[in-house]
Amino acid sequence: NLPFRGQVNSTNVSASDGFDFGPQELKLGIILFNCLPCTIATGIVMVTDAEGDVMASVTISTIANLAGCFTSPLIFSLFVEGDVLGQNSVDLVKKLGLSLILPLFVGKIISLLFQPVRNTVTRFKREIGLLQNTGICLILWIKLSKSIYKGTFSLLKWQDLLVLLALCFVVHLFQLGINFFLSVFTCLKREQVCVMLLLVSQKTLVLGTAIASALPSSLGDNTLILLPAFIAHPLQMLLDSFLVAPLRRSTIFPLFSRPSCGRKTPSPDLVELEDPEPVVEEPLLE
């Protein structure tokens, strides 16, 4: 069995043998968060600050999040035994379509038809990203308030939160390492490496919130399922923020570049000096 595999029956969700900590909802939350696609706003902002390939980051995030609305629930169901999404699959697709896909297409049409709207969004892109993160924090506050009122967090211990934080930290470092060595192996340019590390390594929280809200109640409390995502999302932003400046200065990737990539920087001692231009002496006037 997988270490965080959940077994669903008609009455409850029981933990499998292996590494065990906290309620079963935490393990399902870790699985759900790692089944999500890459981020949208925060990853693009970091790639822009690192002077990476912004067009590639926008394209990858758009395609990944559109496909993730359908693939993430299916991948998540592979790690949970039983008919988890069978009865709620139509409802789940409707919720994801109304909350994610429909606003995306409406915003795209508006930006294509109205030039002032497109210019305003481009000008205040960073502020819009901060507004989105503020909305996510408000959602977290509301869900936490409801769970505290119902006494859901009485099942948690502070040791469980420490283990959860350590797991989120280790998993994100593993994702960074995999994407970094894939970038080196495929001889990607510095701009593309920024996309792999600062965008592809991150997971979106918006789609995870929509999927968790549509999960059946037999899996447990939705807030506990979302708790790993609420912890891992700001943690990955904090860790990746330390990579922006080194990637912008190109102090990380050249250290591990393969000689066969053909982009090795020549040594200053081997650079041939250009021949100086001959000095033409003007004749003296008598």
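Residues numbered from 1 in each chain as written. Predicted model: local features only at pLDDT ≥ 70, side-chain atom pairs only at ≥ 80, totals over all residues. Heavy atoms only, no water.

**With respect to the environment of phenylalanine 181**
Turning to its location among the elements, phenylalanine 181 is positioned in helix H7 (residues 158–185). On a C-alpha basis, the gap between phenylalanine 181 and valine 193 in space is 9.9 Å, while along the polypeptide they are 12 residues apart. (Helix = DSSP H or I, 4+ residues; strand = E, 2+ residues; numbered from the N terminus.)

**Quick look at the side chain of threonine 39**
Residue position: threonine 39 is located in the loop between helix H1 (24–34) and helix H2 (41–49). Here glycine 43 takes part through its backbone nitrogen, which lies 3.3 Å from a polar atom of the side chain of threonine 39. A distance of 3.3 Å separates a polar atom in the side chain of threonine 39 from a polar atom in the side chain of glutamine 202. Not counting residues within four places of it along the chain, the set of residues in contact with threonine 39 comprises Ser61, Asn65, Leu199, Gln202, Lys203, Thr204, His233 and Gln236. (Polar contact = N/O pair within 3.5 Å; in protein donor to acceptor, adjacent residues only side chain to side chain. Contact = heavy atoms within 4.5 Å.)

**So, a nonpolar patch on the surface**
Taken together, the side chains of Leu98, Leu102, Val106, Ile109, Ile110, Leu112, Leu113, Phe114, Val117, Val121, Phe124 and Ile128 make up a nonpolar region of the molecular surface, amounting to roughly 1100 Å² of accessible area. Breaking the nonpolar patch down by element, the ones donating at least two residues are helix H4 (89–113) and helix H5 (115–123). With 7 residues, H4 is the single largest residue contributor to the nonpolar patch. (Patch = residues over 30% accessible without salt bridge, like charges linked within 9 Å, V, L, I, M, F, W, Y side chains within 5 Å. Areas by Shrake-Rupley, 256 points an atom, 1.4 Å probe, with all protein chains shown as cover. Salt bridge = Lys/Arg side-chain N within 4 Å of Asp/Glu carboxyl O.)

**A closer look at the pattern of salt bridges**
What the rule picks out here adds up to 1 salt bridge. A salt bridge links arginine 190 to glutamate 191, with the nearest nitrogen and oxygen atoms 3.6 Å apart. Judged by relative accessible area, arginine 190 falls into the buried class, the value being 15%. (Buried < 20%, exposed > 50% of the residue type's maximum accessible area, 1.4 Å probe, protein only.)

**Side note on unusual backbone geometry**
One non-glycine residue, glutamate 51, lies in the positive phi region at around 60 degrees. Despite not being glycine, cysteine 187 has its phi angle at roughly 60 degrees, a positive value. Its place among the elements puts cysteine 187 in the loop between H7 and helix H8 (190–200). Among the residues examined, cysteine 187 registers a relative accessible area of 22% and is labelled partly exposed.

**Side note on helix H3 (residues 54–78)**
Over its 25 residues, H3 extends 33 Å from the first C-alpha to the last, a length consistent with the 36 Å expected when each residue adds 1.5 Å. The principal kink in H3, of about 55 degrees, is found at glycine 68. Taken together, the buried positions of H3 are Ser57, Ser61, Asn65, Gly68, Cys69, Ser72, Pro73 and Phe76. (Expected span 1.5 Å × (residues − 1). Bend = angle between axes of the 7 residues up to and from the residue.)

**Quick look at the confidence of the model for the chain**
Averaged over every residue, the pLDDT of the chain is 76; residues scoring 70 or more account for 76%. Low pLDDT, under 50, characterises residues 1–18; the predicted model gives this stretch 41 contacts beyond four residues in sequence or across chains. (pLDDT = per-residue confidence, 0-100.)

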